[in-house]
Amino acid sequence: MIVHATCVALGFGGGWRGILLRGPSGAGKSDLALRAIEAGGRLVADDQTHLAVQGNGKARRLVAAPPPVLAGLVEARGLGIVKLGRTQLLARVPLGLLVDLVPSTKVERLPDPAHEKILGVDLPVVALAAFEASAVAKLRLALAQTTRS
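What counts as what
- Residues numbered from 1 in each chain as written.
- Predicted model: local features only at pLDDT ≥ 70, side-chain atom pairs only at ≥ 80, totals over all residues.
- Heavy atoms only, no water.
- Core = buried A, V, L, I, M, F, W, Y, C linked by side-chain atoms within 4.5 Å.
- Buried < 20%, exposed > 50% of the residue type's maximum accessible area, 1.4 Å probe, protein only.
- Helix = DSSP H or I, 4+ residues; strand = E, 2+ residues; numbered from the N terminus.
- Contact = heavy atoms within 4.5 Å.
- 1 Å grid on protein atoms, 1.4 Å probe; cavity = no way out; pocket = protein on both sides within 12 Å on 5 of 7 lines; lining within 4 Å.
- Points joined across faces, edges and corners; volume = space filled by probe spheres on them.
- Nonpolar A, V, L, I, M, F, W, Y, C, P; charged D, E, K, R; others polar.
- Salt bridge = Lys/Arg side-chain N within 4 Å of Asp/Glu carboxyl O.

## Quick notes on the nonpolar core
Looking at soluble globular proteins, one finds that nonpolar side chains tend to be buried together. By size, the foremost hydrophobic cluster in this structure holds 22 residues, and its most contacted members are Ile-19, Leu-21, Leu-32, Val-99, Leu-101 and Leu-139. Of all the secondary-structure elements, those providing two or more residues to this core are β2 (5-12), β3 (15-22), α1 (29-38), β9 (93-101) and α2 (135-148). In terms of residues, this core owes the most to one element, α2, which gives 5 residues. With residues near it in sequence (within four places) discarded, Val-99 still touches Ile-19, Leu-20, Leu-21, Arg-22, Val-126, Leu-128 and Leu-139. Counting residues in hydrophobic clusters, the runner-up holds 16 residues, among them Ala-9, Ala-64, Leu-123 and Val-125.

## As for the layout of surface pockets
To find the voids left in a structure, one rolls a probe of water-molecule size over its atoms. As a volume, the largest pocket reaches approximately 880 Å³. Residue lining of the largest pocket: 32 residues in total, with Leu-97, Pro-124, Val-126, Ala-142 and Thr-146 positioned closest to the centre. For the lining of the largest pocket, the secondary structure elements donating two or more residues are β6 (61-65), β9, β10 (114-118), β11 (121-128) and α2. In terms of residue class, the lining of the largest pocket is made up of 17 nonpolar, 6 polar and 9 charged. Lys-29, Ser-30, Asp-31, Glu-75 and Arg-77 are, among the 17 residues lining the second largest pocket, the residues nearest its centre. Contributions of two or more residues to the lining of the second largest pocket are made by α1 and β7 (73-76). Of the residues contributing to the lining of the second largest pocket, the split by class is 5 nonpolar, 6 polar and 6 charged.

## Let's talk about the pattern of salt bridges
A full pass over the atoms with the stated rule returns 4 salt bridges. The salt bridge partner of Arg-22 is Asp-100, with a shortest N-O separation of 2.7 Å. A residue pair is termed long-range when its members are at least 10 positions apart, and Arg-22 in strand β3 and Asp-100 in strand β9 qualify at 78 residues. Exposure remark for Arg-22: the relative accessible area of 22% places this residue in the partly exposed category. Look at Asp-100 and you get partly exposed, because its relative accessible area is 23%. Residue Asp-31 is joined to Arg-35 by a salt bridge in which the shortest nitrogen-to-oxygen separation is 2.9 Å. Note that Asp-31 and Arg-35 are positioned in helix α1 at a spacing of 4 residues, about one turn of the helix. Taking the relative accessible area as the measure of exposure, Arg-35 reaches 26% and is therefore partly exposed. Within this structure, Arg-22, Asp-100 and Glu-116 form a network of salt bridges that share partners.

These results come straight from atomic positions and should not be treated as a statement about function.
The following block contains the structure:
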C-alpha cells in the first residue's frame with residue numbers, strides 16, 4: 001500500500017523506529033524530515049511511502065519503505081529534489097508512530113491518547129505543528145511514550 005506521507009526513522013533503544021508524517025502539500029512533511037535527519041535521524045521515504053505488514057499475531061507490525069523510484073530523494077523547497085547520502089537513509093523500518101501535521105492552532109495542549117489502524121495494525125497517533133522549533137524534540141518524546149505504553 002502506498003500512502004501520501006513522509007517517513008523518517010529515529011534511533012531508539014539500539015535500533016531504528018519509523019515515524020510516518022502525514023499532511024497536505026505544504027504542511028511541512030519534507031521540512032520536518034530534513035530537520036530530523038540533521039538531528040541524527042534517517043530518511044526512509046519522502047512524500048510517498050510504501051507500507052506492508054510483517055509478521056503475524058501479536059508480532060504483526062507495519063514496515064515502511066520508499067517506492068524504488070523515489071529512494072534517497074527528498075524535496076527541499078527552494079532547492080528542488082535533492083539526493084541524500086547513504087548515511088542519511090534507511091531502506092526500511094518498522095513504524096512506531098503516526099504524526100498528523102496540522103497548524104499550531106489545531107494542536108491540543110493535553111490530548112487524549114489516540115490510535116489508528118492501518119492494514120489492520122494499530123499505531124499511536126499524535127498531531128503536531130511541523131514548523132515549530134521543538135517539532136523534532138516532540139517526535140522523539142512521542143516515540144518514547146509509545147514505547148513505554
